Number of protein chains: 2
Amino acid sequence: MGHSRPADQAGLRRGNLALLVRTLREHGALSRAQLAVRSGLSKATVSSLVSDLELRGLVHSAGISAGGQGRPGQLVALRPTSVSGVGLDVHVGHVGAAVTDLAGDIVFRRRFVCDVPALGPERTIDHLAELATAALAEVDGLVGPPVGVTVSVPGLVDTSAGTVTLAPRLRWRDVAVADELAARTGLPLDLISVDNDANLGAMAEQAAMNGESGDPVTDLVYLTGDFGIGGGVISGGRLVRGSIGFAGEIGHMGMDPLGPYCSCGRRGCWETRVGLGALLHACADPDDPVRDPTLDLDQRMRMVRARAAQRDQRTLDALHQIGSALGVGVSILVNLLNPAVVVLGGYFAALPEWLVEPIRNQVVAGVLAPGAGGARVVGSRLGFTASTTGGALAALRRVLDDPTVVPLNQPEDEEAPA
Amino acid sequence: MGHSRPADQAGLRRGNLALLVRTLREHGALSRAQLAVRSGLSKATVSSLVSDLELRGLVHSAGISAGGQGRPGQLVALRPTSVSGVGLDVHVGHVGAAVTDLAGDIVFRRRFVCDVPALGPERTIDHLAELATAALAEVDGLVGPPVGVTVSVPGLVDTSAGTVTLAPRLRWRDVAVADELAARTGLPLDLISVDNDANLGAMAEQAAMNGESGDPVTDLVYLTGDFGIGGGVISGGRLVRGSIGFAGEIGHMGMDPLGPYCSCGRRGCWETRVGLGALLHACADPDDPVRDPTLDLDQRMRMVRARAAQRDQRTLDALHQIGSALGVGVSILVNLLNPAVVVLGGYFAALPEWLVEPIRNQVVAGVLAPGAGGARVVGSRLGFTASTTGGALAALRRVLDDPTVVPLNQPEDEEAPA
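Since we're looking at a predicted model, the values are computed, not measured.

**Some thoughts on the packing of aromatic side chains**
Residues and elements named next belong to chain A. One pass over the full model with this rule turns up two aromatic pairs over all chains. Here the aromatic rings of Tyr347 and Phe348 are separated by 4.5 Å at their centres, their planes lie at 50°, and the arrangement is tilted. The class for Tyr347 is buried, based on a relative accessible area of 0%. Looking at Phe348, the relative accessible area reads 0%, which means it is buried.

**Side note on the sheet that holds strand 7 (residues 146-153) of chain B**
Residues and elements named next belong to chain B. In spatial order, the strands read 6-5-4-7-11; together these five strands make up an open sheet with mixed pairing. Of all strands in the sheet, those with a lone pairing partner are strand 6 (106-113) and strand 11 (192-196), marking the two edges. Neighbour-to-neighbour, the strand axes of this sheet turn through a mean angle of 15°, independent of strand direction. Note that strand 4 (residues 84-90) and strand 5 (residues 94-101) share seven bridges and pair antiparallel. Bridge pairing in strand 5 links Val86 to Val99. Contacting strand 4, strand 7 and strand 11, helix 5 (residues 177-185) crosses the sheet at an angle of about 140° to strand 11. Along the sheet, helix 12 (residues 386-401) makes contact with strand 4, strand 5, strand 6 and strand 7, crossing strand 4 at roughly 145°.

**Some words on the UniProt feature "domain: HTH marR-type" (unreviewed entry) in chain A**
The feature "domain: HTH marR-type" (unreviewed entry), as given by UniProt, occupies residues 20-60 of chain A in the numbering adopted here. Taken as a whole, residues 20-60 of chain A contains 71% helix and 10% strand, while its terminal C-alpha atoms sit 13 Å from one another.

**Observations concerning helix 12 of chain B**
An α-helix turns once every 3.6 residues. As a result, residues three or four positions apart point the same way. All names here are of chain B. With 16 residues, helix 12 extends 21 Å between its outermost C-alpha atoms, agreeing within 8% with the 22 Å of an ideal straight helix rising 1.5 Å per residue. At Ala395, helix 12 shows its strongest bend, of approximately 25°. Taking burial as the measure, the 16 residues of helix 12 include 13 buried ones, the bulk of the element.

**Some remarks on the state of the cysteines**
Going through the model one piece at a time under the given rule, you end up with zero disulfides over all chains. For Cys264(A), which is in no disulfide, the shortest distance to another cysteine sulfur is to Cys269(A) and amounts to 3.7 Å. Just so you know, Cys262(B) is unpaired, no disulfide at all, and the nearest cysteine sulfur is the one on Cys264(B), 3.8 Å from it.

**Concerning the domain arrangement of chain A**
Residues and elements named next belong to chain A. Partitioning chain A into domains gives domain 1 (9-78), domain 2 (84-201 + 386-405) and domain 3 (215-381). For domain 2 and domain 3, the distance between their C-alpha centres works out to 24 Å. Taken together, the 19 residues of domain 2 in the interface contact 21 residues of domain 3. Buried area between domain 2 and domain 3, both sides added, is near 1,600 Å², and the carbon and sulfur share of it is 51%. Where domain 2 meets domain 3, there are four salt bridges. Note that Glu271 and Arg169 form a salt bridge whose closest N and O atoms lie 2.7 Å from each other. Here the element with the most residues in the side of domain 2 that touches domain 3 is helix 6 (residues 197-210); it accounts for four residues. Tallied by class, the residues present in the side of domain 2 that touches domain 3 amount to seven nonpolar, seven polar and five charged.

**As for the environment of Gln74(B)**
Residues and elements named next belong to chain B. In this structure, Gln74 sits in strand 3 (residues 74-78). In the structure, Gln74 is positioned 42 residues away from Arg32 in sequence and 7.5 Å away in space, judged by C-alpha atoms. Leave out the neighbours within four places in its chain, and Gln74 touches Leu30, Ser31, Arg32, Ser61, Gly63 and Ile64.

**Overview of the interface of chain A and chain B**
Each partner contributes residues to the interface: chain A has 61 residues there, and chain B has 61 residues. At the boundary of chain A with chain B, total buried surface from both sides reaches about 4,900 Å², with 59% on carbon and sulfur atoms. Our count for the contact surface shared by chain A and chain B stands at zero salt bridges. Where chain A touches chain B, the interface holds 22 residue pairs in polar contact (both at pLDDT 80 or more). Elements represented by at least two residues in the side of chain A that touches chain B include exactly helix 1 (9-27), helix 2 (32-39), strand 9 (163-167), strand 13 (231-235), helix 10 (313-337), helix 11 (352-366) and helix 12 (386-401) of chain A.

Definitions and cut-offs
Numbering of residues starts from 1 in every chain and runs along the sequence as written. Each chain takes a letter, starting from A, and each ligand takes a number, starting from 1, following the order in which they are written. Residue-level local features of this predicted model are given only where pLDDT is at least 70; pairs of side-chain atoms are given and counted only at 80 or more, and the full residue set underlies all totals for whole chains, interfaces and linings. The side-chain values count all of the structure's non-hydrogen atoms but skip hydrogen atoms and water molecules. When two rings of Phe, Tyr or Trp (its six-membered ring) have centres within 6.5 Å they constitute a pair, described as stacked for plane angles under 30 degrees, edge-to-face for angles over 60, and tilted for the intermediate range. When a residue's accessible area, from a 1.4 Å probe over protein chains only, is under 20% of the maximum for its type it is buried; when over 50% it is exposed; and in between it is partly exposed. Strands qualify as paired when DSSP identifies two bridges or more between them. Here a helix means four or more residues in a row that DSSP labels H or I, a strand means two or more in a row labelled E, and each is numbered from the N terminus. Here the axes come from fitting lines to C-alpha atoms, over the contacting stretch only for helices, and the angles between their N-to-C directions go from 0 to 180 degrees. Any two residues whose heavy atoms approach within 4.5 Å at even a single point are treated as in contact. UniProt positions are given in the numbering used here, feature names are shortened, and annotations may be inferred rather than shown by experiment. Here the expected span of a helix is defined as 1.5 Å times the quantity of residues minus one. We define the bend at each residue as the angle formed by axes fitted to the 7 residues ending at it and the 7 residues starting at it. We call a pair of cysteine sulfur atoms a disulfide whenever their separation is within 2.5 Å. How far each domain reaches was decided by an automatic or database domain assignment. In this description, buried area is defined as the sum, over both parts, of the accessible area (probe of 1.4 Å) that is lost when the two are combined. For salt bridges, the criterion is a side-chain nitrogen of Lys or Arg within 4 Å of an Asp or Glu carboxyl oxygen. Three residue categories are used. Nonpolar comprises Ala, Val, Leu, Ile, Met, Phe, Trp, Tyr, Cys and Pro, charged comprises Asp, Glu, Lys and Arg, and polar comprises the others, including Gly. Polar contact is the term for a pair of N or O atoms within 3.5 Å; when the atoms are in protein, one must be able to donate a hydrogen and the other to accept it, and sequence-neighboring residues count only if both atoms are side-chain atoms.

Spelled out as structure tokens, the structure:
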């Protein structure tokens, strides 16, 4: 039984400010009358809320509506450049950064190839801090200050402390990422969050899908597809985090007690069958450039794609083997979670033409619900960028949930009203 | 990004009425002043809301507070007998019914042993309708009319239609349970819901735990423990239902492509390893009374318990085998969902002394998070009654979420105010 708190006036107003921002974010410029219709609020309330958002610099006037029904009215639009959200991420083979404006559009993206397990946490966070500083310098003048910075890490994260508890593939344990990043960048600690890469990827994929036409996707499973495999689960529109935030460790589902050893020290974890290491070993010899860790991963995946397109038998066999092993685990996830869609992220996203069919065959065979309960299996459109994008969107969420985090009388010098 | 609707006055009032009912349900009799403090509402608002609830017959005056700080005040208490909730359930070997009052206390419970797969849906629903009619007749005068009737079924349920899509262990497919039950009982169709047994069991277990002291449990996995194995997952306080309500089919996780055949037609499903059939076969020969389907299951479980307590080796070996196989699947669930607690329901609940340790050993070995992410494994206190209790509580939820489903000027003849 949920324990709801009674709504108070300030909370109601914050919620209604947030509702208008989200409505403008989804529909573009609208008149106050249109906002009243779409939000269900009175015109007087909408006018008062719009004035408030103007004083915070989050919206501005955007010309006169031409049209349709009713009298023409002054249009209100989001000022996408008013604030920004920053996503940073740590992978096994690179660190990355992305900055979005308030509309969620990417205004900056950069990746730095490095061997994170070899560098260790200290030097990796040095690189991350440099990337963050460079990003904020480059977007200065283009977008307003960040409302948040979210760091994506492939592992167990204590989100309340901003600490990585355990990330086997990085060989990190109890790393105070938020503290270390704040110390190096001078960013206020309360702006910095740390989250699991699969959780952030799932949020990004959901946002990307819901930006398309059709019903919003509320039940989604996202697979990261890297050396390790993480899962981000969205159920009923909300992220499944678990009791202490450690949900989604699907890479370590035990599939075979006699299977290969995993980075976590156990045997037969799913990621030993379907992780990037398993693909690279299956499709190429050690001296093959596909297995050269100094090359960018996107480039190596393009090589694998090209060979598969040329019907190279070893590559096709490897992809079929990975796809089937993926399907066994995906069937478990679909039986348990009944998602509308399973999104293949990371390296899987480079190879959907060869992976989706064997997965689909296993899922149809292995799931109790007729037609696999309607679950579709699709390649991500975001690939390896999902977790940085998700981090930036998660950072933005602070202002989308509560526009009052941006102070009143925000200077409006970045952009003149139309 | 969630799409919240703005709160309107009527919705706000419904929400606040519900808040008062839940507060009284948790804390017992309170004065209006105490209700104001606990709810955060003004005293004037509380007085108005209490008058409304009195007119609906849901609360009554309950003497003068002796109390502590402040002036003595007239106490307000829930009238537990004002309305009732009815849970019905269909198992492989029996049908059952339970009725609760508004406080969630059981006022009626009955079980009827029958071979449901052999009877078929029509005759089973005949029995269910007879049970429901008998239950309502027996509680008439003790509690008010039902605000809802929820039927629990072990299988895939289309909750919006009140239809069982597929229940392999019952051999049911596309059975219109709500329609059939309404036709046989004369109950209004809109009072009748159908839901998955594991979902209802999970709700009942959560309610039972949250009635104890300590922090409320918001992340829980419940295993049904019958011939088939279902899972009810509560994450962040909410049931994980999936995109079309088919989540929780953990019994059909594929654990071994060469394993025994399952009722669903596949091989090596988890329930072939840990279901009641697996235990009975492992611990007794066919002519053993433990395997006699005409005996009540509770009685047979007491025999198994007695043998284990006497250290009968075959029984102990069987329980260890089941416990270990349970642990392999529970590890997957804990890696994926990071629950605070895994509740062993159904037949497992009769045998926790022998099952919990082998499960726990597998979980500690198989889960990435240190200390299994804090997950406890416990036997249910509700056993086979969880799904009927959950059904009755789910039925009550209609009035707890919206007290205005009970009309104003409810006659108060069942109980005089104190």
